[in-house]
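# Examination of the molecular architecture
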Amino acid sequence: QVQLIESGGGLVQAGGSLRLSCAAAGRIYSDYTMAWFRQAPGKEREFVSAIRWSGASVSYVDSVKGRFAISRDNAKNTVYLQMNSLKPEDTAIYYCAASRSPIKPTILNSYDSWGQGTQVTVSS
């Protein structure tokens, strides 16, 4: 397991942008997958995006495609989620997660390391 610390959340108007960061403490191997999930009030935690630490593969939930972009900086052991054209329905707590070679990267239970979460609020 690795320790994950998210930052970058906040309050933004609809149409605005935010960039979330997830700093990982510990050894990150090339076969790690890093992901972002989110949980809105009263809803289950859902997959948002994932990236292989090698950078060879990225994936997104349909609702954020074309608006969000995941990336990583190997030197800083940090994963980013650039969120553009934000909508009120993007309001949630965003969590960073990590796992070595998850079979199903979009599934919550595939991950064994989690951050504490960062709040994103989009006003209309």
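Residues numbered from 1 in each chain as written. Predicted model: local features only at pLDDT ≥ 70, side-chain atom pairs only at ≥ 80, totals over all residues. Heavy atoms only, no water.

### So, the pattern of salt bridges
Definition in use: A pair is scored as a salt bridge if a Lys or Arg side-chain nitrogen falls within 4 Å of a carboxyl oxygen belonging to Asp or Glu. Only protein chains enter the accessibility calculation, which uses a 1.4 Å probe. A residue is then buried if its area is under 20% of the maximum for its type, exposed if over 50%, and partly exposed in between.
The full count for this structure, using the stated rule, is five salt bridges. The partner of aspartate 62 in a salt bridge is lysine 65, and the shortest N-O contact between them spans 3.0 Å. By relative accessible area, which is 60% here, aspartate 62 ends up exposed. Here lysine 65 falls in the partly exposed class, since its relative accessible area comes to 49%. The network of salt bridges with shared partners includes Arg38, Glu46, Arg67 and Asp90.

### Thoughts on the state of the cysteines
Cysteine pairs can be covalently joined through their sulfur atoms, and such a bond is termed a disulfide. Definition in use: The criterion for a disulfide is a pair of cysteine sulfur atoms lying within 2.5 Å. In this text, helices come from DSSP runs of H or I with a minimum length of four residues, and strands from runs of E with a minimum of two, each type numbered from the N-terminal end.
The full count for this structure, using the stated rule, is one disulfide. Between the sulfur atoms of cysteine 22 and its disulfide mate cysteine 96 the distance is 2.0 Å. Its S-S torsion of approximately -80° makes the covalent link between cysteine 22 and cysteine 96 left-handed. Here cysteine 96 lies in strand 9 (residues 92-100) and cysteine 22 lies in strand 3 (residues 18-25), a separation of 74 residues in the sequence. In this structure, cysteine 22 and cysteine 96 share a single accessibility class: buried.

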